[in-house]
Amino acid sequence: MSRSDPRPRKELPAGAGQHATAGPYSPVLVIHTDRLVVISGQAAIAPDGSVTGRDIEEQTHATLENCRRQLATAGCTFADVVKVTGYLTDLSQWQRFNAVYETYLPEPRPVRTVVGAALLDGLLVEVEMWAVAP
């Protein structure tokens, strides 16, 4: 897709829907791309290697800020993200994670999968993203 192409990089297809209990994500997206950007799993880890944040909200904010910085190095923002995979050490924190997540990712939100996982000591959340560069 060239910069002069008027199509959005991602779009929710007509008729797409999901169940009433779905979280802040799209069930399906059509992606138009010629430059795919993928960032590895990010967590609430400061540049010095220390874990930041004591609860799921603080760690989710820190994790998503790390994602924002990585995306920016490739000229992307959260609006360019099309796929997210999240890992939570405690799936009972799902709603608290979603409350923070939805303040970062704009509509149409990326497709997303979140699973329970054992993470490195002290980490409560990890997130990886795929984006389409503008």
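(A) Highlighting the overall build of the protein chain. A tally of regular secondary structure across the protein chain gives two helices and six strands. Going residue by residue from the N terminus, the α and β elements of the protein chain occur as β-β-β-α-β-α-β-β. For the protein chain, the C-alpha atoms occupy an extent of roughly 45 × 35 × 20 Å along the three principal directions. In the protein chain, buried positions account for 37% of the 134 residues. Summarising the internal contacts of the protein chain: among those between residues at least 6 apart in sequence, 74% fall at separations of at least 24. Total accessible area computed for the protein chain in this model is approximately 7,100 Å², and 54% of it derives from carbon and sulfur atoms. Each charge class in the protein chain was averaged separately, 12 positive and 15 negative side chains, and the resulting centres sit 6 Å apart.

(B) View of the packing of helix α1 (residues 56-73) against helix α2 (residues 94-104). Relative orientation of the contacting elements α1 and α2 amounts to 30°, with a least axis distance of 9 Å. Where α1 crosses over α2, the handedness of that crossing is right-handed. Residue-level inspection shows Ile 56, Glu 57, Thr 60, His 61, Leu 64, Glu 65 and Arg 68 of α1 in contact with α2, the latter providing Arg 96, Phe 97, Val 100, Tyr 101 and Tyr 104.

(C) Expanded view of α1. The terminal C-alpha atoms of α1 lie 26 Å apart, and with 18 residues this matches the ideal 26 Å at 1.5 Å per residue to within 8%. Phi turns positive one or two residues past the end of α1, at Gly 75, with a value near 80°.

(D) Here's a closer look at the environment of Gly 17. Relative to the elements of secondary structure, Gly 17 occurs in the loop between β1 (10-11) and β2 (30-31). Judged by its relative accessible area of 54%, Gly 17 is exposed. As a C-alpha pair, Gly 17 and Val 28 span eleven residues in sequence and 8.4 Å in three-dimensional space.

(E) Quick peek at the pattern of salt bridges. On inspection of all chains with the given rule, the structure shows four salt bridges. Ionic pairing is found between Glu 107 and Arg 109, a salt bridge with its closest N-O pair at 2.9 Å.

(F) Here's a closer look at the nonpolar core. Leu 71, Phe 78, Val 81, Phe 97, Val 127 and Met 129 are the most contacted members of the largest nonpolar core, which has 22 residues in total. Secondary-structure elements contributing two or more residues to this core are β3 (36-43), α1, β4 (81-88), α2 and β6 (125-132). Setting aside chain neighbours within four positions, we find Val 81 in contact with Lys 10, Leu 71, Leu 105, Pro 110, Met 129, Trp 130 and Ala 131.

(G) Focus on the packing of aromatic side chains. Counted according to the given criterion, the structure contains two aromatic pairs. Residues Phe 78 and Tyr 104 carry aromatic rings whose centres are separated by 5.8 Å and whose planes lie at 90° to one another, so their mutual orientation is edge-to-face. Here Tyr 104 lies in helix α2 and Phe 78 lies in the loop between α1 and β4, a separation of 26 residues in the sequence. Judged by its relative accessible area of 5%, Phe 78 is buried. With 5.7 Å between their ring centres and 35° between their planes, Phe 97 and Tyr 101 make a pair best called tilted. Note that Phe 97 and Tyr 101 are positioned in helix α2 at a spacing of four residues, about one turn of the helix. Neither Phe 97 nor Tyr 101 differs from the other in exposure class; each is buried.

Rules and cut-offs
- Residues numbered from 1 in each chain as written.
- Predicted model: local features only at pLDDT ≥ 70, side-chain atom pairs only at ≥ 80, totals over all residues.
- Heavy atoms only, no water.
- Helix = DSSP H or I, 4+ residues; strand = E, 2+ residues; numbered from the N terminus.
- Buried < 20%, exposed > 50% of the residue type's maximum accessible area, 1.4 Å probe, protein only.
- Contact = heavy atoms within 4.5 Å.
- Areas by Shrake-Rupley, 256 points an atom, 1.4 Å probe, with all protein chains shown as cover.
- Lys, Arg positive; Asp, Glu negative; His and termini not counted.
- Charge placed at Lys NZ, Arg CZ, Asp CG, Glu CD.
- Axes fitted to C-alpha atoms, helices over the stretch in contact; angles between N-to-C directions.
- Left-handed = near helix turned anticlockwise from the far one by under 90°.
- Expected span 1.5 Å × (residues − 1).
- Salt bridge = Lys/Arg side-chain N within 4 Å of Asp/Glu carboxyl O.
- Core = buried A, V, L, I, M, F, W, Y, C linked by side-chain atoms within 4.5 Å.
- Phe/Tyr/Trp six-rings, centres within 6.5 Å; stacked < 30°, edge-to-face > 60°.

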